[in-house]
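Working through the structure, step by step
Residues per chain are reported as follows:
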Amino acid sequence: MMKTFTLSIALAIFSCTNLLAANGDTVKMLFHSSTDLKCYGGGERVNLWSAYNPTGKTFKKAYLKITLGCGSQACCVWDYIFNCFIMKKPGTIDSSFVKNDTISTSPLVINKIYKYFDKVEDYELGRLITPYGTYMENGSNGFNKSWKHPYLYDITDYLPLIKDSFGIGVITGGWDAAPRAFSATTEIFLVEGTSVKTPKEVKRVYFSSFDHATTEKFDTNTRPFTFNVGADVEAVKFRATITGHGSHGEFTPHTYYVKVNGTKQYERELWNKKCDEVAVAPQGGTWIFPRANWCPGEGVLADEWDLTPFAKKGQNLTVD
């Protein structure tokens, strides 16, 4: 039986300063506002770009708040993966999107090739598993669809991306019948001030969702990632968000490990025994059983590993 895993892994790189933490105002940025994400036809993604440019301000903390609810017409029945991304435009041409126009006006022929600067890089800020919505809509066992549930994520490590032009994208899966949907509100809160440890750079190592049958197949999909440690780098953090889905991927514990410079340094069991403690109620379905980080109605916690002991300034570091 094939197993499906969705993983998002990033490196947060820090430089240190002598500045002390200072209190300041909090900037609130609203993106989606009770936006419907359909749960049929494979699901839906909605991207919104920031109208506020925080460049020039210094922030010591950043938080993402996702508020999930029932769609405007009907609630989704099943549990789906829900991802929230920060989107950056790298400024390079997306060579996979080319339009060739030919104008034939005898004797003149003009060929125009359009390449679009709309390639987007996604960095996952937060992930949750949507609840079973069976009992969470109007007229279903005496309940209604007015429920709302907040999910809060510390995204301070991603501060280097929250500047200039950036957007927030949300996406969910879906194989319900139309017109079922979940609604989503996304907000970012930026706390002004300075910190003794400043995020300097974020590198996306992996973002993928795939089926695999063996450890060897998984290793083929997650190749080693090498980067150079800058002279001003004081700390490096390896951040992994992994969820298993499907018959064996979801209901079977798995152990994953992290290699640093070719040597296994860390390992962790991909298993959550507390799915039955979820705060979203009422739910139908099988939400009470332990799962491989796939708890319906719960946020997915990221694992973090300190790579600082292996980071030598001016040298390459490889993680796998």
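Residues numbered from 1 in each chain as written. Predicted model: local features only at pLDDT ≥ 70, side-chain atom pairs only at ≥ 80, totals over all residues. Heavy atoms only, no water.

**Examining the state of the cysteines**
Using the criterion set out here, one finds two disulfides in the structure. Paired through a disulfide, cysteine 39 and cysteine 76 show a sulfur-sulfur distance of 1.9 Å. An S-S torsion of about 85 degrees defines the bridge between cysteine 39 and cysteine 76 as right-handed. One end of the pair, cysteine 39, is in the loop between β3 (35-38) and β4 (44-49); the other, cysteine 76, is in the loop between β6 (74-75) and β7 (81-88), and 37 residues separate them in sequence. Accessibility expressed as a relative area gives 0% for cysteine 39, which makes it buried. Each disulfide in the protein chain links cysteines that, numbered along the sequence, combine into the pattern 1-2, 3-4. (Disulfide = S-S within 2.5 Å. Helix = DSSP H or I, 4+ residues; strand = E, 2+ residues; numbered from the N terminus. Buried < 20%, exposed > 50% of the residue type's maximum accessible area, 1.4 Å probe, protein only.)

**Comments concerning the nonpolar core**
Counting 41 residues, the largest nonpolar core has Ile155, Ile188 and Leu190 as the members making the most contacts within it. Those elements that place two or more of their residues in this core are β2 (26-30), β5 (59-70), β7, β10 (121-129), β11 (148-154), β12 (167-172) and β13 (180-192). Top element by residues in this core is β5. It accounts for six residues. In contact with isoleucine 188, not counting residues within four places along its chain, are Val27, Lys28, Met29, Phe31, Tyr63, Leu64, Ile155, Phe166 and Ile168. Phe210, Ile242, Tyr256 and Leu317 belong to the second largest nonpolar core, which has 25 residues in total. (Core = buried A, V, L, I, M, F, W, Y, C linked by side-chain atoms within 4.5 Å. Contact = heavy atoms within 4.5 Å.)

**Focus on empty space enclosed by the protein**
With a probe scaled to a water molecule rolled over the atoms, the places where space remains empty come into view. All chains considered together, the criterion is met by one cavity of 30 Å³ or more. Looking at the largest cavity, its volume works out to about 30 Å³. Around the largest cavity sit Ser8, Ala10, Tyr123, Glu124, Tyr158 and Arg204, which together line it. For the lining of the largest cavity, the elements supplying multiple residues, two or more each, are β1 (3-16) and β10. A class-by-class count of the residues in the lining of the largest cavity yields three nonpolar, one polar and two charged. (1 Å grid on protein atoms, 1.4 Å probe; cavity = no way out; pocket = protein on both sides within 12 Å on 5 of 7 lines; lining within 4 Å. Points joined across faces, edges and corners; volume = space filled by probe spheres on them. Nonpolar A, V, L, I, M, F, W, Y, C, P; charged D, E, K, R; others polar.)

What is shown is where atoms sit, not what they do.
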